[in-house]
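# Working through the structure, step by step
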Amino acid sequence: MMATASSSETADPFLELCALPYEQSEKRDTCQRCRRPSVVCVCSCFPESPVSIETRVVILQHPNEEGRCLATVPLLVECVSRDKVHVIRGKRFGDSRRHPVLHKALTSPNSYILYPGRNAIDLHSLHRDPIGCNSSNDGAALIVLDGTWAQAKALYTQNPTLHNIQQVKLDVEAVQ
């Protein structure tokens, strides 16, 4: 005689999971300006008016950085004159003509890329005149790669047009 399975043994365990009540978690309130959770809003630390800088900063932002909760680019954009900070999101920038600000920076002999390569020179060793402050430096900029170390390295290696720009690095010990 064949034993028959009880109905509880044949029930689909996944159906039982589906029957569990679903509680939707509440999202934390977020500051619209700094994009941080309201309890750790940093807006009170922003300058009253944007800091005026002479150097144009072109940020090449890896797409995965845009949505990160600790993203620093929105903070920079809030603190510096908006006409001096340009954020371009993507992974490949082969046709820089699609981004006139980047194209201008890439074709200027006075642009630099913040990248700690073997041939990078200390940013503090550059002349004291801000990058791009006179008409002969028109289009000059500081190009910054925004992402994790792996993402920044990938942005650099996958974009050969960046290899022609003088690399600069920040020597933290020299600043202290």
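Residues numbered from 1 in each chain as written. Predicted model: local features only at pLDDT ≥ 70, side-chain atom pairs only at ≥ 80, totals over all residues. Heavy atoms only, no water.

Moving on, we come to the environment of tyrosine 156. Of note, tyrosine 156 is situated in helix α5 (residues 149-157). The class of tyrosine 156 is buried, set by a relative accessible area of 9%. On a C-alpha basis, the gap between tyrosine 156 and tyrosine 115 in space is 8.4 Å, while along the polypeptide they are 41 residues apart. Apart from residues no more than four positions distant in its own chain, tyrosine 156 is found in contact with Ile113, Tyr115, Leu145, Leu162, His163 and Gln167. (Helix = DSSP H or I, 4+ residues; strand = E, 2+ residues; numbered from the N terminus. Buried < 20%, exposed > 50% of the residue type's maximum accessible area, 1.4 Å probe, protein only. Contact = heavy atoms within 4.5 Å.)

Secondary-structure assignment places aspartate 95 in the loop between β2 (85-89) and α4 (100-107). Considered as a pair, aspartate 95 and threonine 161 are 66 residues apart in the sequence and their alpha carbons are 9.2 Å apart.

This part covers α4. Helical geometry: 3.6 residues make up each α-helical turn, so side chains three or four residues apart lie on a common side. Within α4, the full set of buried residues consists of Leu102, Ala105 and Leu106. Viewed end-on, α4 has its buried residues packed into an arc of 95°, placing them on one side of the element. Residues Pro100 and Thr107 are exposed on α4 and point more than 90 degrees away from its buried face. If you follow the buried residues of α4, they end up packed against β1 (56-61), β2 and β5 (141-146). (Arc of directions from axis to C-beta.)

This part covers the nonpolar core. Formed by 17 residues in total, the largest nonpolar core has its most connected members in Val58, Leu60, Leu102, Ile113, Ile143, Leu145 and Leu162. Breaking this core down by element, the ones donating at least two residues are β1, α4, β5 and α5. Sequence-distant contacts of isoleucine 143, that is, excluding residues within four places in its chain, are made with Val58, Leu60, Leu102, Ala105, Leu106, Tyr112, Ile113, Leu114 and Ile165. Of all hydrophobic cores here, the second largest spans 16 residues; its members include Val57, Val85, Leu126 and Leu142. (Core = buried A, V, L, I, M, F, W, Y, C linked by side-chain atoms within 4.5 Å.)

So, on to the sheet that holds strand β4 (residues 121-122). Strand order in the open sheet formed by 6 strands is β2-β1-β5-β3-β6-β4, with parallel pairing between adjacent strands. One side of each edge strand has no neighbouring strand; the edge strands of this open sheet are β2 and β4. Sheet topology places β4 next to strand β6 (residues 166-169); 2 bridges connect them, and they run parallel. If you follow isoleucine 121 over to β6, its bridge partner there is valine 168. Where α4 meets the sheet, it contacts β1, β2 and β5, and its direction lies at approximately 110° from that of β1. Most of the contacts of α5 go to β5, to which it runs at about 125°, and overall it touches β1, β3 (112-114), β5 and β6. (Pairing = 2+ DSSP bridges. Axes fitted to C-alpha atoms, helices over the stretch in contact; angles between N-to-C directions.)

With respect to burial, β1 is a largely interior element, 6 of its 6 residues being buried. Of the two faces of β1, both are covered, the one formed by Arg56, Val58 and Leu60 as well as the one formed by Val57, Ile59 and Gln61. Note that β1 and β5 share 6 bridges and pair parallel. Across the sheet, isoleucine 59 pairs through a bridge with valine 144, a residue of β5. Inspection of the sheet shows β1 paired to β2 by 5 bridges, in the parallel sense. Opposite valine 58, over in β2, you have histidine 86 as the bridge partner.

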